[in-house]
Amino acid sequence: MSEKFSPESDYNSAMDAILQAGSILMESGAEIYRIEETMTHMANSLGVRKFSCYVVNRGVLISGVNPSGEKESRILATQAPSINLGKLEEVNRLSRDLVSSPASPLPLVFSRLKEIETKSFYRPYEEIFAYFLGAGGFSIALGSNWIDGLAAALSGLCVGLGMQLLNRWIRTSFLQIIFASAIVALAANLLYLIGIGTNRNDIILGTLMVLIPGAYFVNSIRELTQNNYYSGSALMLSGLTSCISISVGVVATLALLPFADQLSGMFSTPSTSWQTVLSQTVMAGLGTVAFSVLYQVPRKYFADLGILGAVSWLVYLLIWNSSQLDVLSILVPALLVAISSRILAQWRKCPATIFLATSMFPLIPGMSFYRSTYFFIIGNTELGMHFLRICFLTSFTIAIAISLTQQLPGQLFKRIVRR
């Protein structure tokens, strides 16, 4: 992160502390309302009166009257967001601490903000293993057999190693995604060529789940339901750009490989046998935990996320297998995740985004949009339209679920936690 605060003002101005907190939240992928709400709480605790803030995509503006009675204002252009739910939770905790202890000295506040800004939650080898576990888990959850799940996990391992190098050499996100998806296609086809795996489609699809920008889609829907159309549209566009980049990387790689063919068909569908449903449920939970590592979620939430991700996927499978109704099979588990996220947020004293952005991941429309884009590129218009329809249907269904949950008063969830 570039320097934004002069040494002369670092330990003198509460406004600088508030702005720095807003910057961290923005660059960590927090929602607009959360950034504004957190900065307002901090302003009240630090003695800033008549505080006003305005947050847009990659921009934070604040003004107020400092404890000395002087009017101050700040404006800051932030860097592009990179989802880091751990930093989001740390800033939220700092805000809570300030509310409970408003007399906290500014140097201590700045010290904690600097610690949050530079904090790393996981080592590189842990993130690489998360790619391995996430790719294998989601592959089986989507209907792959165990051999294809192993192949997807090994492909995910290659992606994890590749992402560590790409993050050092390439700063442009869509180029990173193109190269990462190319690694997926290459690794999956090489494994298939040597006999590890029986269905290239399932191997590639399962591995690509770890590249789908789930939090962007979930946060975009949340922003749109809060009438933050500009920020919501920007986040949605970022997610769609990532999906298009994935499609380009896969199509280009498969076209260059002499022993590979372009993908075809509908991929795996959920099985109705209880043994398969059980294994898919467990692996969805493990995949959710793995994905939370990539979003830098603290370890203490792993059990909550794993159970919520597994249960939501189980509900989806049960409804889909019995009714084949797209809307119902997405709406019910989406409502479950949205309501459970608010309950867990009250219980754990943390942002609901930690649970919502990760546990909603198996239901998000990103994979459908990727498949739609992919089939359009290779000329299969029929399948492209089919998955595009699913993408829009899923998006609006999740938006309805989140909107319905937001209508419920916060006091209701506080009472539930107390009981």
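This text follows the structure it describes.
Everything quoted here is computed from the prediction, not taken from an experiment.

So, the pairing of strand β2 (residues 59–65)
Logical step 1: Within β2, five of the seven residues are buried, leaving the element largely enclosed by the surrounding structure.
Logical step 2: One ladder, built from six bridges, connects strand β1 (residues 49–56) with β2; its direction is antiparallel. Paired with V56 across the strands is G59, a residue of β2.
Logical step 3: From the end of β1 to the start of β2, which pair antiparallel, there are two residues, and R58 there has a positive phi angle of about 65°.
Logical step 4: In the sheet, β2 pairs with strand β3 (residues 71–77) via seven bridges, with the strands oriented antiparallel. Each residue of the ladder has a partner; that of V60, found in β3, is L76.
Logical step 5: The antiparallel hairpin formed by β2 and β3 contains five residues in its connecting segment, where G69 sits at a positive phi of about 90°.

Quick word on the pattern of salt bridges
Logical step 1: One pass over the full model with this rule turns up ten salt bridges.
Logical step 2: Residue D16 is joined to R74 by a salt bridge in which the shortest nitrogen-to-oxygen separation is 2.8 Å. Placement of the pair is D16 in helix α2 (residues 14–27) and R74 in strand β3, with a sequence separation of 58 residues.
Logical step 3: A relative accessible area of 5% means that D16 is categorised as buried.
Logical step 4: A salt bridge links E90 to R93; the nearest nitrogen and oxygen atoms lie 3.8 Å apart. Pair noted here: E90 and R93 are both in helix α4 (residues 85–100), with a separation of three residues, about one helical turn.
Logical step 5: Exposure remark for E90: the relative accessible area of 11% places this residue in the buried category.

As for the packing of helix α6 (residues 124–141) against helix α12 (residues 274–294)
Logical step 1: Where α6 contacts α12, the two axes come as close as 7 Å, and the packing angle between them is 150°. Here α6 is positioned roughly antiparallel relative to α12, judged by the angle of their axes. Along this stretch, α6 crosses α12, giving a crossing that reads as left-handed. Residue-level contacts link E126, E127, A130, Y131, L133, G134, G136, G137, F138, I140 and A141 of α6 to S279, Q280, M283, A284, L286, G287, T288, A290, F291, V293 and L294 of α12.
Logical step 2: Here the residues of the contact of α6 with α12 are counted per class, giving 13 nonpolar, seven polar and two charged.

Quick look at the side chain of T288
Logical step 1: Structurally, T288 can be placed in helix α12.
Logical step 2: There is a polar contact of 2.8 Å between the side chain of T288 and the backbone oxygen of A284.

A word on the sheet that holds β1
Logical step 1: With respect to topology, three strands assemble into an open sheet ordered β1-β2-β3, the strand pairing being antiparallel. Two strands bound the open sheet, and with one partner strand each, they are β1 and β3. Recorded for the sheet is a direction-independent mean angle of 5° between the axes of neighbouring strands.
Logical step 2: Strands in contact with α2 are β1, β2 and β3; relative to β2, the strand with the most contacts, it is inclined by about 155°.
Logical step 3: Together, β1 and β2 form the strand contacts of helix α3 (residues 32–45), whose direction differs from that of β1 by roughly 160°.

Calculation notes
- Residues numbered from 1 in each chain as written.
- Predicted model: local features only at pLDDT ≥ 70, side-chain atom pairs only at ≥ 80, totals over all residues.
- Heavy atoms only, no water.
- Buried < 20%, exposed > 50% of the residue type's maximum accessible area, 1.4 Å probe, protein only.
- Helix = DSSP H or I, 4+ residues; strand = E, 2+ residues; numbered from the N terminus.
- Pairing = 2+ DSSP bridges.
- Salt bridge = Lys/Arg side-chain N within 4 Å of Asp/Glu carboxyl O.
- Axes fitted to C-alpha atoms, helices over the stretch in contact; angles between N-to-C directions.
- Parallel < 35°, antiparallel > 145°, perpendicular 65-115°, else oblique.
- Left-handed = near helix turned anticlockwise from the far one by under 90°.
- Contact = heavy atoms within 4.5 Å.
- Nonpolar A, V, L, I, M, F, W, Y, C, P; charged D, E, K, R; others polar.
- Polar contact = N/O pair within 3.5 Å; in protein donor to acceptor, adjacent residues only side chain to side chain.

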